Amino acid sequence: MTVAAELRPASSAAVADRVVIIGGGASGTLTALNLLRTDPRVHVTVFEPTGRLGSGVAYGTTDARHLLNVRAGNMSAFPQEPGDLLTWAEQTGRELSATDFLPRREYGEYLRDRLADTAGRRLRVIAERVEEITPVPGGYEVRGHAGAAAVSASVVLAHGNEAPGHLAIGGTPLPEAPWHVADPWNLSWIEALAPDATVVVVGTGLTAIDTAISVLDGAPQRSVVMVSRHGLLPQAHIDCQCVAWVSALPSGPLTADQLADLYQQQVEAAAEHGVNWHHVVDGFRGPTQSIWARLPLAERERFLAVYARAWEVRRHRMAPQIAARLDAFQAEGRLRVSSGGITGIEEASPYPLVRIGEAEVAAHAVVNCTGPQTDVTRSANPVLSALLRRGLAAPDELRLGLSCTPQGELLDAVGQIVPGLLTVGPPRKGTLYETTAIPEIRVQAAEVAAHLRGPRSRATA
Ligand SMILES: Cc1cc2nc3c(=O)[nH]c(=O)nc-3n(C[C@H](O)[C@H](O)[C@H](O)COP(=O)(O)OP(=O)(O)OC[C@H]3O[C@@H](n4cnc5c(N)ncnc54)[C@H](O)[C@@H]3O)c2cc1C
């Protein structure tokens, strides 16, 4: 059907009953799932270039050794049904307990299965990358790179995690070269890696750990050097799923330093009761969004500059069995973790020489695991360029994502709500800070579905 046909007055109810979602990773899939489950009239169109929903960067990994970083008991698609992932595991013949860490690619299967249970003929998937979004009477026309288009009163942006920004050493960008792996989530380069390769991984977060596991596991002659500014690896989960330690918070505005003191006091108070810091971190997770809202902009900036890394390595923990593999690699001398960053890189044959502190490493590959690029003004994603160009979106003040309300309504450059445009997941980071993992995304997806049911019920009343 042409766009003009879709815009005929007779189709206005259909336009009001349709929701377009841009991106079919976990955020887009959970949003589609919640919409289709709770509203029998709604039709959902998802644009996802891979044509495969539920995967995205986290659950699209092809390596079965990449595990969830969150226990299965906290990874249900539905906040009101916390046991649903475990039910699915049982239905599909898997042994999975609430404290286990499922391979991430199987989690993608779970989301696809649950969507298939629900969608029927009300779901349309368009395997195209969205390049344009245009306001039209009654809503927006969303257009993919190969020309497919859909019109809807409501569009949900679930474009998720962008690839890391370009690596640069001393201001000079790393050249495009076979040894330079710019996208750490596409693992195809590892197939061609020599059995005795040395790999430099830039970054020490969870993606860097995935990379080290994929390179080193089962390849005893390979080695990895991980390097980041702080050289801090994520902490490991502990083998117990105890109750979070809930901290009493003072009322009123907060500063980043007060917050750090508060955390330290709570860790000490918990320790006096024999409670580990892990439970204090888990206790802070629930109120993180409201704490963030109480920090003035300058204090958020100070938190990011001074405390964020120390918080992130405690908050985003790895499965204990992954931590045990890393310990073993380090004990074997095959994994080294350095702080300070790369100080130089020299083209040499057959491999470039990478300087890390005093050491020089002939690297078969240099992998960029510095984390998603979050500044939308520098994004290579055409839908973001289109939104900014049309004044339908703006970066948040901290350049962590899109400017939006806590409910995900997009704000334009002067802070006005843009009707009908919402976002779910990582793009809300500037507003909420804690927004990138399933326990938060599933709540947002359910809330967005409820929010969108309101206008539709009025339009068709
Ligand atoms: C390596 C890794 C591991 C993680 N592990 C966990 C975990 O164990 N537990 C947990 O709770 N969280 C985990 N997370 C957090 C993770 O961010 C979320 O769980 C979730 O996967 C985010 O999903 P998303 O759909 O928002 O983003 P993404 O996974 O990035 O998906 C976005 C999708 O949008 C599509 N897209 C982008 N632009 C366009 C466009 N212009 N047009 C159409 N489609 C577009 C992309 O193709 C992609 O499929 C992990 C994150 C990473 C990076």
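Residues numbered from 1 in each chain as written. Predicted model: local features only at pLDDT ≥ 70, side-chain atom pairs only at ≥ 80, totals over all residues. Heavy atoms only, no water.

Asks: Explain helix α5 (residues 84–91) residue by residue, including any values.
Replies: For α5, the set of buried residues is Asp84, Leu85, Trp88 and Ala89. Around the axis of α5, the buried residues are gathered within 145° of arc, so they sit on the same side. Facing away from the buried surface of α5 by more than 90 degrees, the exposed residues are Glu90 and Gln91. The secondary structure elements touched by the buried residues of α5 are α6 (104–119). (Buried < 20%, exposed > 50% of the residue type's maximum accessible area, 1.4 Å probe, protein only. Helix = DSSP H or I, 4+ residues; strand = E, 2+ residues; numbered from the N terminus. Arc of directions from axis to C-beta. Contact = heavy atoms within 4.5 Å.)

Asks: Which residues make up the environment of Ala77, and what are the values?
Replies: Note on placement: Ala77 falls in the loop between α4 (56–59) and α5. Sequence-distant contacts of Ala77, that is, excluding residues within four places in its chain, are made with Leu30, Leu33, Tyr107, Tyr110, Leu111 and Arg442.

Asks: Can you lay out the sheet that holds strand β12 (residues 223–228) for me, pointing to particular residues and giving the numbers?
Replies: Ordered in space as β10-β17-β11-β12-β13, the five strands form an open sheet in which the pairing is parallel. Pairing within the sheet leaves two strands with one partner each, and these edge strands are β10 (180–181) and β13 (335–339). Inspection of the sheet shows β12 paired to β13 by five bridges, in the parallel sense. Counted as the bridge partner of Val225 is Arg336 from β13. The strands touched by helix α7 (residues 206–216) are β11 (198–202), β12, β13 and β17 (365–368); relative to β12, the strand with the most contacts, the crossing angle is about 170°. (Pairing = 2+ DSSP bridges. Axes fitted to C-alpha atoms, helices over the stretch in contact; angles between N-to-C directions.)

Asks: Go over the domain arrangement of the protein with me, naming the residues and quoting the values.
Replies: Domain assignment breaks the protein into domain 1 (3–163 + 373–459), domain 2 (168–235 + 317–368) and domain 3 (256–314). Its largest share of buried area at the contact with domain 3, domain 1 owes to Leu398, Tyr433 and Glu434, together 56% of the area lost on that side. In this structure, the connection of domain 1 to domain 3 is made through one salt bridge. The salt bridge involving Arg285 is made with Glu440; its shortest N-O contact spans 2.7 Å. For the pair domain 1 and domain 3, the interface holds five residue pairs in polar contact (both at pLDDT 80 or more). (Domains from an automatic or database assignment. Buried area = accessible area lost by both parts, 1.4 Å probe. Salt bridge = Lys/Arg side-chain N within 4 Å of Asp/Glu carboxyl O. Polar contact = N/O pair within 3.5 Å; in protein donor to acceptor, adjacent residues only side chain to side chain.)

Asks: Outline the side chain of Ser214, listing residues and values.
Replies: By the secondary structure assignment, Ser214 is in helix α7. If sequence neighbours within four positions are ignored, Ser214 has contacts with Asp63, Arg65, His66, Leu187, Ile190 and Arg222.

Asks: Quick one: what's the story with the layout of surface pockets, residue by residue and with numbers?
Replies: Roughly 320 Å³ of internal volume is contained in the second largest pocket. Its residues assigned to classes, the lining of the second largest pocket shows 13 nonpolar, two polar and one charged. (1 Å grid on protein atoms, 1.4 Å probe; cavity = no way out; pocket = protein on both sides within 12 Å on 5 of 7 lines; lining within 4 Å. Points joined across faces, edges and corners; volume = space filled by probe spheres on them. Nonpolar A, V, L, I, M, F, W, Y, C, P; charged D, E, K, R; others polar.)

Asks: So, the packing of aromatic side chains: which residues are in play, and what are the values?
Replies: Across all of its chains, the model carries ten aromatic pairs by this definition. When the ring of Phe284 is compared with that of Trp311, the centres are 6.3 Å apart and the planes differ by 75°; the resulting orientation is edge-to-face. Placement of the pair is Phe284 in helix α9 (residues 277–285) and Trp311 in helix α11 (residues 297–315), with a sequence separation of 27 residues. As far as burial versus exposure is concerned, Phe284 and Trp311 are alike and both buried. The interplanar angle of 40° and the centroid separation of 6.5 Å between the aromatic rings of Phe303 and Tyr307 together place this pair among those described as tilted. Linking Phe303 with Tyr307, this pair stays in helix α11, spanning four residues, or about one helical turn. Judged by its relative accessible area of 23%, Tyr307 falls in the partly exposed class. Against the face of Phe78 rests Arg37, its NZ or CZ located 3.6 Å from the ring centre. Directly above the aromatic system of Tyr433 lies the positively charged group of Lys429, at a separation of 5.0 Å from the ring centroid. (Phe/Tyr/Trp six-rings, centres within 6.5 Å; stacked < 30°, edge-to-face > 60°. Lys NZ or Arg CZ within 6 Å of the ring centre and 35° of its normal.)

Asks: Let's hear about unusual backbone geometry: which residues, and what values?
Replies: Ser349 connects to Pro350 through a cis peptide bond whose omega is 0°. Tracing the chain through its elements places Pro350 in the loop between β14 (342–346) and β15 (353–356). A positive phi angle, near 60°, is found at Arg399, a position not held by glycine. Mapped onto the fold, Arg399 is located in the loop between α13 (382–389) and β18 (409–411). Of note in this structure, Tyr433 is not a glycine but carries a positive phi near 65°. Looking at Tyr433, the relative accessible area reads 7%, which means it is buried.

Asks: Kindly report on the side chain of Arg442, identifying the contributing residues and their values.
Replies: Position of Arg442 among the secondary structure elements: in helix α15 (residues 438–459). The side chain of Arg442 is buried and forms no salt bridge, while Glu440, the nearest opposite charge, is found at 7.8 Å. Discounting chain neighbours no more than four positions away, the residues touching Arg442 are Leu30, Asn34, Asn74, Met75, Ser76, Ala77, Phe78 and Pro79. (Lys, Arg positive; Asp, Glu negative; His and termini not counted.)

Asks: So what about the site of the ligand? Which residues, and what values?
Replies: The environment of the ligand is formed by 36 residues, the closest being Ser27, Glu48, Tyr59, Asn69 and Asn161. Here Ser27 contributes a side-chain N or O atom positioned 2.6 Å from an oxygen atom of the ligand. Contacts to the ligand include Asn69, whose backbone N or O atom sits 2.6 Å from an oxygen atom. Protein burial of the ligand: of its 980 Å² of free accessible surface, 92% is covered by the chains. It is α4 that provides the largest number of residues to the shell around the ligand, a total of four residues. Across the shell around the ligand, the residue classes break down as 19 nonpolar, twelve polar and five charged. Two domains each donate at least three residues to the shell around the ligand, and these are domain 1 (3–163 + 373–459) and domain 2 (168–235 + 317–368). (Near = heavy atom within 4 Å. Areas by Shrake-Rupley, 256 points an atom, 1.4 Å probe, with all protein chains shown as cover.)

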